Amino acid sequence: MPLAAAGPAHLVRCGQKDELYRSGLRSGAGAALQGLAGTKKWLEWRKEIELLSDVAYFSLTTLSGYQTLGEEYVNIIQVDSSKKRIPSLLRRAILISLHTVLPYLLDKGLIHLEHELQTETSGFRTLQSSGLCGRTLVRSWVQNQVGRLTEQQKKTLLQTVYVLKQCIPLLRRLHLAVFYINGLFYHISKRITGISYLRVPGLPGDDQSIRSSYKLLGIVSLLHLVLTVSVQIYSFQQRQRARQEWKLHRNLSYPKYDDPNLLAECPLCREKFHPQKLIYLRHYR
């Protein structure tokens, strides 16, 4: 029997079901660690436990050539870009790495890099997390690399990290909106690896009204994303303008106080005012 492409409703239900079982596995692993090592160790290693739980879940299912519990729930199977073959072992391993390991590394890397840049920029280093620094060589390597940068490079890199942290959630929202419109790839990792889904056409599937609803939802999501980006850009410009005005106010060379006629207007905004309303700040530094 020929297979048909799985619709967006199938993929959404599959993702929700997988997330339900993954959450249960994470919760169980976290509870086991908390019971054995205590709450402090559980908080310290919580992200790593979640990563290992996700890797174990997909290794026992996708990497081993089986359906995940979510895929079994909606009766869909993975295929490669040819739509005729099951993805190879290498492609499935890349899929799992992009879906689980890469987000963890990206999140941890940006957090450590931002922390080190803020510490170097502020000019002091605390020993608050000295116990955590010793558990990995990554943070030591980041410290050495950041220490070699100039002050201007540190400020530029810190701004870049901030932009990346803001753009990653927006990229995920953009991908989700595109999925709602075309209904092909629910996860970014599957879009990169070209892995899609097929289903048995005889089973209940998506009708045209459901697909149209998802397309409408995707258009609304895109409009909302554009509005969010516009607001963030406007807020960023306002902060930059306020920062520049503050620097300009501090760096202005004011006339002498004994000649109030020269101060008939604000040197920044050029607003006119009466000299008798001028208030002298004699001890201001």
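Here we summarise the structure given alongside this text. Quick caveat, the model's predicted, so the values are computed rather than measured.

Our focus in this paragraph is the overall build of the protein. Across its full length, the protein carries 10 helices and 3 strands. Counting over 285 residues, the protein shows a buried share of 26%. If you take every contact in the protein between residues at least 6 apart in sequence, the share linking residues at least 24 apart comes to 70%.

This part covers the nonpolar core. Grouped together as the largest cluster of nonpolar side chains are 11 residues: A6, A9, L11, V12, C14, V74, I76, F179, Y180, Y197 and Y214. Residue contributions to this core peak at 4 residues, all from helix α1 (residues 8–37). When neighbours within four sequence positions are excluded, L11 is seen to be in contact with A6, I76, F179, G183, L184, Y186 and Y197. Counting 6 residues, the second largest nonpolar core, distinct from the first, contains L110, L113, L117 and V142.

Attention now moves to the pairing of strand β3 (residues 196–199). Burial of the side chains of β3 extends over both faces: S196 and L198 are buried on one face and Y197 and R199 on the other. Inspection of the sheet shows strand β1 (residues 4–5) paired to β3 by 2 bridges, in the antiparallel sense. Bridge pairing links A4 to R199 in β3. Here 4 bridges tie strand β2 (residues 76–79) to β3, and the two strands are oriented antiparallel to one another. What sits directly across from V79, in β3, is S196.

Next up on the list: the pattern of salt bridges. When charged atoms on two side chains of opposite charge get close, those side chains can pair. Overall, the coordinates contain 10 salt bridges when judged by the stated rule. Salt-bridge contacts for R22 lead to D54; the nearest nitrogen and oxygen are separated by 3.2 Å. Residue R22 is found in helix α1, and its partner D54 is found in helix α3 (residues 46–63); the two are separated by 32 residues along the sequence. We note that R22, like D54, is buried. What emerges from the salt-bridge pattern is a single network uniting E19, R22, R26 and D54.

Definitions and cut-offs
Residues numbered from 1 in each chain as written. Predicted model: local features only at pLDDT ≥ 70, side-chain atom pairs only at ≥ 80, totals over all residues. Heavy atoms only, no water. Helix = DSSP H or I, 4+ residues; strand = E, 2+ residues; numbered from the N terminus. Buried < 20%, exposed > 50% of the residue type's maximum accessible area, 1.4 Å probe, protein only. Contact = heavy atoms within 4.5 Å. Core = buried A, V, L, I, M, F, W, Y, C linked by side-chain atoms within 4.5 Å. Pairing = 2+ DSSP bridges. Salt bridge = Lys/Arg side-chain N within 4 Å of Asp/Glu carboxyl O.

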